[in-house]
Amino acid sequence: MDQETVRTICYLARLQIDEDKAQKIENELETIIEMIGGLQAFNTENIQPLYSPLEKTAFMHEDIEKSDNQKEKFLQNAAASNEDYFLVPRVVE
Amino acid sequence: MSIQFKTIRELREMLDEKAISSEELTNETHKLAEDLKELNCFVTMNKDASIEKAKLIDQADKTDSVLSGIPLAQKDLFCTEGLRTTCSSKILSNFIPPYTATAVMKLENAGSITIGKTNMDEFAMGSSNETSYFGNVHNPWKKGYVPGGSSGGSAAAVAAGIVPAATGTDTGGSIRQPAAHCGITGIKPTYGRVSRWGMIAFASSLDQAGPLARSAEDCAILLNEMSGHDSKDTTSLDIESTDLLNSINQPIKGLKIGIVKEFSLGDLDSEVQNRFEDSKKLYETLGAEFVEISLPNISASVPTYYSIAPAECSSNLSRFDGVRFGYRAENTGDLNDLYIKSRSEGFGDEVKRRILIGTYALSAGYYDAYYKKAQQVRRLIKNDFALAFESIDLIMTPTSPGTAFAFGSKGTQNPIELYLEDLFTISSNLAGLPAISIPHGNVNSMPAGLQLIGNFLREDQILNAAHIFQQNSAFHLDKPSMEEF
């Protein structure tokens with residue numbers, strides 16, 4: 001795994017790695033990816049992926065209209081909000 | 001009268017006989033937690049609210065549930081309305097949930113009293129409790145030694161006798177391995193048995209909540225309450241609940257127990273092997289039969305897990321962005337900069353490592369080679385178990401390849417060293433099977449765990465086998481001296 005790949009993954013994950021830790025993390029990722037690479041030795045021809053151990057379709061529930069406005073409660077945990085919205089830096093000039 | 005090291009059954013009797021009131025019991029529990037705070041097993045205490053609830057229970061003076069008035073600790077991964085829930089991460093260090101997780105709600109509705117939230121590996125990512133933002137938890141059996149992880153605070157609180165039981169979650173062994181390292185009992189139920197609603201997600205197809213307690217019987221009491229269908233969780237099983245207490249105490253004559261030949265137990269520490277052989281003999285004298293079984297793809301468990309779990313974690317943890325809840329970095333530029341700085345300052349190294357692995361495994365060009373491949377191998381592992389369970393009732397393994405180790409002694413140079421702690425536990429998460437860990441003696445003065453893996457939805461069978469073992473041995477009654485704390 002080269003530095004460019006690590007930089008791309010970091011950007012995709014919206015993470016920044018400290019310069020002094022970059023080499024260590026690069027080596028660790030390399031080691032883990034190599035371990036996962038060992039799976040290639042297993043023959044999975046015609047084997048369907050198992051995404052959940054239950055293999056069942058999500059059940060449907062009735063579409064009942066509910067009025068349960070908890071806006072105030074939810075906004076309380078935000079670092080910045082006004083009485084109606086979460087606040088973030090301006091995205092449109 | 002001391003309440004330390006009491007089981008739920010014993011505390012129930014004390015309450016019923018009015019030897020102690022619920023308020024006194026709750027106060028005593030808080031006093032014990034305070035006296036033993038050096039263990040660092042709690043992140044947040046729930047003192048005032050718990051005492052208030054205890055008073056109400058005393059006033060009501062009726063007992064319609066075995067858990068009524070019993071103090072419990074909750075892993076700090078379950079959302080608790082109005083009570084800080086951190087997942088032991090800086091990024092959630094100020095988070096006050098607006099709702100309570102179903103599993104905790106069910107326990108509280110049964111009258112139990114939440115005394116506090118327990119320390120854990122950050123976002124449940126770890127096997128030693130050393131990744132917590134709030135510091136290491138000490139193993140009650142030896143200061144400076146890990147309690148295991150990720151439910152290390154819960155395991156330590158029970159092992160130290162502060163609470164009779166606690167909740168935990170298990171994604172790759174996070175209930176069973178700390179239970180083993182702390183000399184207590186812990187069960188990971190079948191995937192779908194306990195609602196995941198309100199549990200902060202790590203790897204959604206593997207996470208499952210369960211209890212840690214001083215005996216299999218107490219685990220059955222908690223699991224009875226925690227289980228059940230929840231329409232708020234689409235993976236919650238809609239099946240009739242059975243009373244697990246009725247299932248324990250059944251004779252085990254003729255029980256067929258599988259020993260996995262691929263686990264090469266001969267490579268383990270000789271004392272670990274000796275404990276395993278001793279337990280095998282005990283089961284044989286009780287009438288169980290042992291059969292060697294083959295799980296041909298089991299060696300793929302660790303790489304399969306470390307592809308799937310990080311992939312699901314990278315997706316689940318994308319919600320932590322500093323906008324709607326949790327930590328927000330200061331002095332940020334545009335929105336993207338806010339995301340990057342809040343996440344980079346808010347997450348610890350192990351969490352970042354797993355997010356990066358998962359992002360890589362899911363990224364364009366690598367998805368088929370890593371993520372899809374791992375899910376295909378996962379099916380092979382599940383099929384192996386299904387075939388094995390056609391001829392056996394349960395599978396027995398050590399819970400962990402070794403016992404608790406000193407802080408900082410594993411995984412600092414190579415993270416895979418620590419990942420191998422979960423060698424015997426990971427496969428039941430991949431296949432969704434129930435598994436329990438019970439103490440079965442010491443190795444080098446530290447507790448060792450025995451794991452029993454059951455077939456799908458056969459918690460009754462593994463709890464019964466564990467209970468019978470405990471009725472015929474005294475390992476689960478061993479207590480740490482606590483002289484160092």
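Treat the numbers as computed from the prediction; the structure is a model and nothing was measured.

What counts, and where the lines are drawn
- Along each chain, residues carry numbers from 1 onward, in the same order as the chain's sequence is written.
- Chain letters start at A and ligand numbers start at 1, both assigned in the order the entries are written.
- Under the rules for a predicted model, residues below a pLDDT of 70 receive no local features and side-chain atom pairs below 80 are neither given nor counted, while totals for whole chains, interfaces and linings still include all residues.
- Values reported for side chains reflect all heavy atoms of the structure, with hydrogen atoms and water molecules removed beforehand.
- A pair of cysteine sulfur atoms is labelled a disulfide when the two atoms are within 2.5 Å.
- A residue's pLDDT is simply how confident the predictor is in it, with values from 0 to 100.
- Contacts are assigned to residue pairs that have any heavy atoms within 4.5 Å of one another.
- Accessible area that two parts lose when put together, evaluated with a 1.4 Å probe and summed over both, is termed the buried area.
- When a carboxyl oxygen of Asp or Glu lies within 4 Å of a side-chain nitrogen of Lys or Arg, that pair is called a salt bridge.
- The definition of a polar contact used here is a pair of N or O atoms within 3.5 Å, where within protein one atom must be able to donate a hydrogen and the other to accept one, and adjacent residues in sequence count solely through side-chain atom pairs.
- Helix and strand definitions follow DSSP, with helices as H or I runs of at least four residues and strands as E runs of at least two, each counted in order from the N terminus.
- Note on residue classes: Ala, Val, Leu, Ile, Met, Phe, Trp, Tyr, Cys and Pro are nonpolar, Asp, Glu, Lys and Arg are charged, and everything else, Gly too, is polar.
- Two aromatic rings, drawn from Phe, Tyr or Trp (for Trp, its six-membered ring), form a pair once their centres lie within 6.5 Å of each other, and the interplanar angle then sorts them: stacked below 30 degrees, edge-to-face above 60, tilted otherwise.
- Accessibility here uses a 1.4 Å probe with only protein chains present; expressed as a share of the type maximum, an area under 20% marks a residue as buried, one over 50% as exposed, and anything in between as partly exposed.
- In this analysis the charged atom, NZ for Lys or CZ for Arg, is taken to sit over a ring once it is within 6 Å of the ring centre and within 35 degrees of the ring normal.
- Helices are assigned an expected span. That span is 1.5 Å times one less than the residue count.
- The arc refers to the directions leading from the helix axis to the C-beta atoms.

(A) Highlighting the state of the cysteines. With the rule as written, the count across this model stands at zero disulfides over all chains. Just so you know, Cys10 of chain A is unpaired, no disulfide at all, and the nearest cysteine sulfur is the one on Cys313 of chain B, 14 Å from it. Cys182 of chain B takes part in no disulfide bond, and the closest cysteine sulfur to it belongs to Cys41 of chain B, at a distance of 9.5 Å.

(B) Geometry of the confidence of the model for chain B. Looking at chain B, the pLDDT average stands at 96 and 100% of residues meet or exceed 70. Both scores are given for the predicted complex: the pTM is 0.97, the ipTM 0.94.

(C) Region of interest: the interface of chain A and chain B. Taken together, the contact between chain A and chain B spans 51 residues of the former and 72 residues of the latter. Buried area between chain A and chain B, summed over both chains or domains, comes out near 5400 Å², and the portion from carbon and sulfur atoms is 69%. At the boundary of chain A and chain B, one finds three salt bridges. Ionic pairing is found between Glu81 of chain B and Lys73 of chain A, a salt bridge with its closest N-O pair at 2.9 Å. At the surface where chain A touches chain B, the tally comes to 22 residue pairs in polar contact (both at pLDDT 80 or more). Considering each element in turn, the side of chain A that touches chain B owes the most residues, 11 residues, to helix H2 (residues 19–37) of chain A. Considered class by class, the residues forming the side of chain A that touches chain B number 33 nonpolar, 11 polar and seven charged.

(D) Looking closely at the packing of aromatic side chains. Residues and elements named next belong to chain B. All told, the structure shown has 17 aromatic pairs over all chains when counted by the stated rule. Seen in terms of ring centroids, Tyr283 and Phe469 are 5.4 Å apart; in terms of plane orientation they differ by 40°. Their pairing is tilted. Here the residue Tyr283 occupies a position in helix H9 (residues 270–285), and Phe469 occupies one in helix H16 (residues 459–471), the gap between them amounting to 186 residues. Comparing Tyr283 with Phe469 shows no difference in burial state: the two are buried. Ring geometry for Tyr305 versus Tyr306: centroids 4.9 Å apart, planes at 75°, classification edge-to-face. Looking at Tyr305, the relative accessible area reads 3%, which means it is buried. Residue Tyr306 is classed as buried on the basis of its relative accessible area, which comes to 2%. In this structure an aromatic cluster arises from ring pairing among Phe95, Phe123, Phe320, Phe325 and Phe347. Residue placement shows Lys90 over the ring face of Tyr327; its charged tip is 4.8 Å from the ring centre.

(E) Structural context of H9 of chain B. Residues and elements named next belong to chain B. Over its 16 residues, H9 extends 23 Å from the first C-alpha to the last, a length consistent with the 22 Å expected when each residue adds 1.5 Å. By the burial criterion, the buried members of H9 are Val272, Arg275, Phe276, Ser279, Leu282 and Tyr283. Down the axis, H9 shows its buried residues gathered within 120° of arc, on one side only. Residues of H9 that are exposed and angled more than 90 degrees away from the buried face: Lys281 and Thr285. For H9, the elements touching its buried residues are strand E7 (256–260), strand E8 (289–293), strand E9 (394–398), strand E10 (435–443), strand E11 (446–454) and H16. Sitting at the head of H9, Asp269 places a side-chain oxygen 2.7 Å from the backbone nitrogen of Glu271. Positive phi shows up at Gly287, right after H9, with a value of about 105°.

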